[in-house]
Amino acid sequence: MAATHQVTIITQDNESVVFECRSDEDVISAALRQDIYLMASCREGGCATCKGLCSEGDYILGKFSSQALPYAEEEAGEVLLCTCYPSTDIEVEVPYTYDRISFSPEGLFFEAEVTEISQISSNVMRFLLTRTGDDKNVKFESGQFFDLEIPGTTTTRSYSPANISNKKGELEFLIRIVDGGKFSTFVKKDAQIGQKIQVKSASGIFSLKENGFTPRYFVAGGTGLAPVLSMVQHMHEWSEPQKCVIYFGVNTEEEVFFLNELEDLAAKMPTLELRICVWKYGESWQGEKGSVVDILRRDLTETGAKPDLYLCGPPGMVDATFAVCEEVGISKEHIYLEKFLPSGS
Ligand SMILES: Cc1cc2nc3c(=O)[nH]c(=O)nc-3n(C[C@H](O)[C@H](O)[C@H](O)COP(=O)(O)OP(=O)(O)OC[C@H]3O[C@@H](n4cnc5c(N)ncnc54)[C@H](O)[C@@H]3O)c2cc1C
Ligand code: FES
């Protein structure tokens, strides 16, 4: 029979949750069995939502993506709790506060209906959902994501809303269409206005951090713009005074989207600057020419600025931008990121 060990989860605000875990079950499943809903999404080692730092005890890690848990982090004792099998009692520090843990499934899921589907660039669809029922509250921190289920299946994918928390039930998603992708195919071909969809309430730790008046630079690759827009709109809503710059990068001019929306936001927000970067540009392109990584490097080198950095989008772009930040002397405590890791990679 499998041995049972004690797991202690220590939250950012120094609270703790203690539960039992058998050596043949992962920590997220053991917690769920005891009605403890820790932060998790894919539950297969692919998304990094369940990451923590094991400060005491031994464990075995199952299969996981090296992008979700790079070797250096694994060596430093970081774990993905959905693939972590304790072999002794363990203590794990998680990067979120106690109030992010639920102790009942109630309120964790809600139904929404599809209210708009439109193509906004050569490879991005805008996908609007509205919560059904009387309770229209959609509560989340700008930067967080929701898990959406393809109707009639158990397949879910994570998407970060581009709008902000509201009581009208609205969730606006920007979805990059991946050839042959399950959710991509659903959005592009099968989704219908009025169709009902199950939504798991907000998860994730990518969000605005308080750091005085330090400027905030946001670097978005493709649909990585969605959580960035949410964060910058939140700053506008709360009249936050920090300077902010959005670096929005795509490969070709046909892939640019939301130019008007970005310009409208900049017109309302004197603190906001835009850098729209196209890597393979044509003669008529008036914006920044080159990759978002190179344009950011240029600006940081020329100005010597030391802002807080918020990076979001494809893993390769996020990693390359992270390296640039380190190159110009921005310490990792000032870099916050969300990689749009493909599910099950
Ligand atoms: C926290 C989080 C937030 C996210 N938010 C967003 C968002 O706001 N907008 C958004 O567009 N996406 C977002 N993603 C990515 C999204 O969850 C899906 O992974 C993506 O849409 C592909 O899903 P799919 O079902 O269409 O493809 P799948 O059926 O999962 O994949 C089909 C094939 O395509 C490959 N593939 C999947 N994604 C990519 C990719 N990006 N590049 C190259 N190959 C790929 C897979 O490995 C597989 O071989 C987010 C991911 C995470 C982890
Ligand atoms: S929930 Fe553990 S890696 Fe996705």
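A brief report on the enclosed structure follows. This structure is a prediction, so every number in the text was calculated from the model and none was measured. (Residues numbered from 1 in each chain as written. Chains lettered and ligands numbered in written order. Predicted model: local features only at pLDDT ≥ 70, side-chain atom pairs only at ≥ 80, totals over all residues.)

As for the overall build of the protein chain
Let me state the cut-off plainly: Only DSSP runs of H or I covering at least 4 residues are called helices, and only runs of E covering at least 2 are called strands; the numbering of each starts at the N terminus. This radius of gyration counts C-alpha atoms alone. The globule rule is 2.2 Å times how many residues there are, raised to the power 0.38. Buried residues are those with 20 or more other C-beta atoms within 10 Å of their own C-beta, exposed residues have 12 or fewer, and partly exposed residues lie in between; C-beta atoms are placed from the backbone. Throughout, a pair of residues is in contact if the C-beta atoms placed from their backbones lie within 7 Å.
Of the regular secondary structure elements, the protein chain holds seven helices and 19 strands. Relative to its length of 345 residues, the protein chain is compact, with a C-alpha radius of gyration of 20 Å against a globular reference of 20 Å. Expressed along its principal axes, the backbone C-alpha trace of the protein chain runs to roughly 70 × 50 × 40 Å. Scored against the burial criterion, the 345 residues of the protein chain give a buried share of 39%. For the protein chain, restricting intrachain contacts to residue pairs at least 6 apart in sequence, the fraction spanning at least 24 positions comes to 69%.

Concerning the sheet that holds strand β12 (residues 170–176)
Note the following rule: Between any two strands, pairing holds if DSSP finds at least two bridges. Helix axes are fitted only over the stretch in contact, all axes being lines through C-alpha atoms; the angle between N-to-C directions runs from 0 to 180 degrees.
Here six strands make up an open sheet; going across it, the order is β11-β10-β13-β8-β9-β12 and the pairing antiparallel. Edge positions in the sheet fall to β11 (156–159) and β12, since each has one partner strand and no second. With direction set aside, neighbouring strand axes in the sheet form an average angle of 35°.

What to know about the environment of E261
In this structure, E261 sits in helix α5 (residues 259–268). Along the backbone, E261 and T49 are 212 residues apart, and their C-alpha atoms lie at a distance of 29 Å.

Digging into the site of ligand 1
The condition is simple: Being near a molecule or strand means, for a residue, that its backbone-placed C-beta atom lies within 6 Å of it. Under the scheme applied, nonpolar residues are Ala, Val, Leu, Ile, Met, Phe, Trp, Tyr, Cys and Pro; charged residues are Asp, Glu, Lys and Arg; polar residues are all the others, including Gly.
In the region of ligand 1, 26 residues are neighbours, and G181, F183, S184, T223 and P342 sit closest. Mapped onto the shell around ligand 1, the elements with two or more residues apiece are β11, β12 and α3 (182–190). Here the shell around ligand 1 takes four residues from β12, the largest share from any one element. Classifying every residue of the shell around ligand 1 gives 13 nonpolar, nine polar and four charged.

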